[in-house]
Amino acid sequence: MRIELFYRPSFPDGRAARLAASIWKNFGASIERCALVDVYLIEGTAGIGPEDIEDVFVDRVAQDYRLDRPAADDAGGAGWRYLVEIAYRAGVTDPVAITAEEALRLRRPDAVTKQTRVRSARQYLFTCGDLAAADRERIFSSLYNPLVETALVLTREEWNAGRRPPAASPDAVSPSEVTVREFDLASLDDEALNAFSREKLLALSLEEMHTVKDHFRDEAFLAARREAGLSGAITDVEIEMIAQTWSEHCKHKIFNAEIDYRDGERAEKIVSVFKTFVKKTTDLVARRKKYLLSVFEDDSGVIRFDRRHALCFKVETHNSPSALDPYGGAITGIVGVNRDVLATGRMATPIFNTNVLCFADPSAPESDVPPGLLHPRRVMEGVHRGIIDGGNQSGIPVVAGAFLFDPDYMGKPLVFCGTGGLLPARLRGEKSWVKIVRPGDLAVMVGGRIGKDGIHGATFSSLALDETSPTSAVQIGDPITQKKMWDFLEEARGLVLFKGLTDNGAGGLSSSLGELAKRSGGVEIELDRCPLKYRGLAPWEILVSESQERMSVAVNPKDIDAFLALAKKRSVEATAVGTFTDSGFIRIRHGGTTVGLLDMEFLHDGLPVMKLKAEWKPMRRRAESHRYESNDALLLKVLANPNVCSRENLVRQYDHEVRGCSIVKPFAGVNADGHADGAVYKPVFDSWRGFTVTHGIAPRLSPFDAYDMAAHAVDEAFRAHVALGGDPEYAAALDNFCWPDPIAAPANPDGEYKLAQLVRAGRGLQDACLAYGLPLISGKDSMKNDAFVAAANVKPARKISIKPTLLVSLVGIVGDVRRAQTTDFKASGDLVFVLGETGDELGGSILELETGNAYPDCPKVNFEKAMKLYRALARAVRKGLVRSCHDCAEGGLAVALAESAIGGRLGFSISLDDVPYAWKPDSRDPSASATELLFSESPSRFVVTVSPANARRFQSLFKNLPAGFLGIVTEEQRLNVRFGNDQVLSVGLNEALDAWKGGLA
Amino acid sequence: MKKVRVCVITGFGINADLELAEAFRRTGGLPERVHLSDLIENPAALDRFGIVAFPGGFSFGDHLGSGKVFASLCKQHLRARLDAFVNAGKLVIGICNGFQMLVKMGILPNLEGDWAQDVSLIHNDSGVFEDRWVRLDSFPGTRCVWTIGLPPIELPVRHGEGKFVARDAGVDNALVDGRLIALTYRSANGGPARYPENPNGSLRGIAGICDRTGRVFGLMPHPEAFLTPYNHPRWTRSLPERAAGLLIFERGIEYARKNT
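The rules behind these values
Residues numbered from 1 in each chain as written. Chains lettered and ligands numbered in written order. Predicted model: local features only at pLDDT ≥ 70, side-chain atom pairs only at ≥ 80, totals over all residues. Contact = placed C-beta atoms within 7 Å. Helix = DSSP H or I, 4+ residues; strand = E, 2+ residues; numbered from the N terminus. Domains from an automatic or database assignment. Pairing = 2+ DSSP bridges. Buried ≥ 20, exposed ≤ 12 C-beta atoms within 10 Å, placed from the backbone. Right-handed = clockwise from strand over helix to strand, strands pointing away. Axes fitted to C-alpha atoms, helices over the stretch in contact; angles between N-to-C directions. Left-handed = near helix turned anticlockwise from the far one by under 90°. Nonpolar A, V, L, I, M, F, W, Y, C, P; charged D, E, K, R; others polar.

A. Layout of the interface of chain B and chain A. Contact residues are listed per partner, giving 53 residues for chain B and 53 residues for chain A. Elements with a contribution of two residues or more to the side of chain B that touches chain A: helix 1 (17-26), helix 3 (68-87), strand 5 (119-122), strand 6 (130-138), strand 7 (153-159) and strand 8 (163-166) of chain B.

Shown next, in the form of structure tokens:
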């Protein structure tokens, strides 16, 4: 049965009009009319009739439908020229079809059977003139991603000749042979071991292969295998489980490597960047901070929020999947990090999302995009759409985030997906953040079914992107399946039907059950009990598939009936697939026989430590003289820079206030379109206590010194927290390192330098966190953010590596959200102050990008001075003396002032004479000095306004601190800046507003 | 004072149920979240309540059209109960996805009393989901017990399918003549609201309607997102005296208290 649904012509479709407009904008092609048709292919149902169809599918007022006959002429008008029909490839999750099948089942339980198959497709009908073949290709290929979707294009002539889209679903996934293969590693030499790892996409090094080979010679282990009926040959189930568990993605081998670090004459050994710089930092800070509950040991970090609640936070990256399929990569990133929160302790409730996205320039000419890579505009559009659907459909507000642009993200975009969650502090008197898994507990898989989607995601993300990147690693997320699972788990948590759970992310069951088994001491898994999407999965595929929307839960046998009954009632699939033990082994069975036996200790701790070399070479730039256009012109350019300009068009499409807890929103000011430094969120209805969500990220400083890049990232997140009214003594942060491959190799000659940058960044992170008393509670590293471009016309093969990027994400307490601050100027006559010192350090600034000048020094953070200032500002906020507060970030003082003015739709009249500065401005060239004062991106600074009545009290808090009075907020909508006797800037507010709003429009 | 029991329906992707329950709690209601599957299993459970509320969210992902599948289930299993509920003088409210459900069920506006769908909420003219605060007016002379005498208020809209349309001119006239329009988008300067003040291109700027009893009410904006004055986007500039979203729930609770 083929159903085609469309809007009646009297009800224009906003989506279609938008699509036509974007085709005009992106391709310059004029589409007279565009229509959309929703298609459903339904097979194997018994007795579904038109009445069922109408009740389930059709909006009887606005829509019409055709059953088993084409709607094209009615939907698209008789004059349509091209028809494009797009469907998911077989085996790719089709969320719409899943819903359609469930809806039919709920309505007609009798009519939907095991034979029932539902697929969805979407049809576009374009009325337009003839398009040249090249234009057609460009336009139509922008509608879908061939990795996950297929497209059929029909011209009017082909249609008239009788060609039609398929009446039935595409072919099913080709089944694998359901057998277990064995490999005798003992017989393989080095070359064969390498080939084995490469061909099976194991991403295991020769040393790691040897470790496995040696383990399979251990007599005690072999005896245990014999008892289980296994030989000394390794099974595919076992090697796949080892490869997933030992993947860079899961084990962070580089982050934990032993590094020989050289810096000129000095040499030192660093045993694990993680332990040395991250964990140790938290250990030291934890002596002073008593609010840490669970750090680095669960799927997210947990801190105390108040006496009744704990707050958890996690940020993940989904860079490689987003490079291949931006929409699928982003949405699985979101629902994946949501699951990290669901999996925290005994289940936290996700309450906010936040995303930091790094792309190359979306307006780059097509010719700048190397073959094999997607245009940054498409990457950005797809990722953005994934984030919209992932958050909105789950009912989780997107409260904060950032968009960054740099040409080096052409090779891989960075997609940081973050989620925060809330836990009741106690569950029947027990700590909610501690999982309990006991021997005898049943291992229950909850949520979606297992298919071939997402096989090898964990190992694949540990490799650079190239033309052989496996497409099976690409998936589509289905937020609604997950939302139902979440609702069910929350209900079951309330009834205390389980005490431990974790999510099925990278590595699938192999990883989730392996992790939970650490707490009991072992597990037995029955692979043939796992519910499958379709038949024909080999046992190893079932074990490592990363099919989405699944959790693994440990349920006491006495509670299993109640647990499964509740799941059934809530239309959530739940199946007991194994039992936790204390045997010390992971034992895997299929069809009654043992197909895998692994020693827990070997699996989790047997991985050899990687040994690497790092060499630091400081970059030196010569000072040169700089020439500038007028400050007026520069300000407009800087405001329009994609790293600075308004993101309103993008962020409006996120639901930022579902759950009713939003206090400082992504938009501030009189027209609710101004800049916000971050979010303030009040999670408990009957309390005024809240928290901030902020980020810091500064990849443009990496070429100078990754130490400063990291210090800057911490400072930015921390100062935004303070700017919003947060408590500088009560915050916690996450570190997400995204690096280019730091292992030196012939194809990666500067690996040692990149590894040295990692060490430098670790040190910068540590120094900053120790100075601010900021504990790191969770994090993540992603180490292969490179793309090899090896097409026929690109010789030699080129590598595009991202700039080393550390994202710092922070949650911090706001004792009373009624004292929270926004950036917008509030009233004319208010006094404008700048807090913090401005330095002659313009390297890496937006000014550098917009002028093409090269500056020798990048900004340095003076942690001690900064912390004093932060404490003083927090006091001023607590006393109610501050009317607006904006941190100075990209674009410096000039942008902070302009954005504050835009928010309030007010002007200002200020002088730079009293700006506290850390160098002597060149008196011979005042305009150059003014430019540098205006656009320097020195850290640890704020623009603050204060009502005249409070000025003296405010200033008394900043004695002996760098705080300069600049001038006043004016009713006149003009941005006026003087320096000495010169007027150095004068721009109308509307001009500034247009530039700022136009940057990404 | 007597608390009014409120049934806040949840499940299958509804996601604004917690704050809706909180809004009723703050205005004298005794809210209880009830999963749709429990209600289908035992429709008589509805009788305990004075108000039934359909919250916002993405029921069934809105994959087959917003609110469509949820509406179809309610109509199949709860139609008789809901008719009896309304005939007993009790109240129904649907917000955003809940409004879409009521409209697609046919219980709103239910011009002929036969649950035939007369109006719809289709994709925004902008073609995308948007979250923004809008100004709203109670429609002069409205029958809607939830909005009679409501002062001008501001609330957020958060939807991709909120453009209100009527099947034909007859339905349009019946809405106007029957005083079934409850809430309209307002422009800052008093004229007809255009985008973005009318955020989706709705007919007559309609943001909410009621049935002939005035007791069944659906609206696209989210009054339950304005629970404290500090939810308002400009509270740091001028603090609202009250969280205006609560005014709507107060009216519903007040009516239910007097009449049930």
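B. Seen up close, the domain arrangement of chain A. You can read the domains of chain A as domain 1 (2-160), domain 2 (183-255), domain 3 (278-326 + 336-426 + 658-816) and domain 4 (823-1001). Here the C-alpha centre of domain 4 of chain A lies 52 Å away from the C-alpha centre of domain 1 of chain A.

C. Fine view of the pairing of strand 5 (residues 112-128) of chain A. When strand 2 (residues 31-45) of chain A meets strand 5 of chain A, the two strands line up antiparallel, connected through 13 bridges. In the strand pairing of strand 5 of chain A, isoleucine 31 of chain A is matched with cysteine 128 of chain A.

D. Structural context of the pairing of strand 4 (residues 91-95) of chain B. Residue and element names in this part refer to chain B. Of all 5 residues in strand 4, 5 are buried, a share of seventy percent or more. Relative to strand 4, strand 3 (residues 51-54) runs parallel, the two sharing 4 bridges. Each bridged residue has a counterpart across the sheet, and for valine 52 the counterpart in strand 4 is valine 92. Of the crossover connections in this fold, the one passing from strand 3 over helix 3 to the parallel strand 4 is right-handed. Sheet topology places strand 4 next to strand 11 (residues 216-219); 4 bridges connect them, and they run parallel. By the bridge assignment for strand 11, isoleucine 93 is matched with phenylalanine 217.

E. Structural context of the sheet that holds strand 6 (residues 149-155) of chain A. Residues and elements named next belong to chain A. Ordered in space as 3-1-2-5-4-6, the 6 strands form an open sheet in which the pairing is antiparallel. Strands with a single pairing partner mark the edges of an open sheet, and in this sheet they are strand 3 (63-67) and strand 6. Looking at each pair of strands side by side, their axes are set apart by 20 degrees on average, direction ignored.

F. Spotlight on the packing of helix 14 (residues 326-342) of chain A against helix 15 (residues 376-392) of chain A. Residue and element names in this part refer to chain A. Where helix 14 contacts helix 15, the axes come no closer than 7 Å and their chain directions differ by 35 degrees. The way helix 14 lies across helix 15 gives a crossing that is right-handed. Every residue of helix 15 that contacts helix 14 at Pro326, Tyr327, Gly328, Gly329, Ala330, Ile331, Ile334 and Val335 is listed here: Arg378, Val379, Gly382, Val383, Arg385, Gly386, Ile387, Asp389, Gly390 and Gly391. Among the residues forming the contact of helix 14 with helix 15, the class breakdown is 9 nonpolar, 6 polar and 3 charged.

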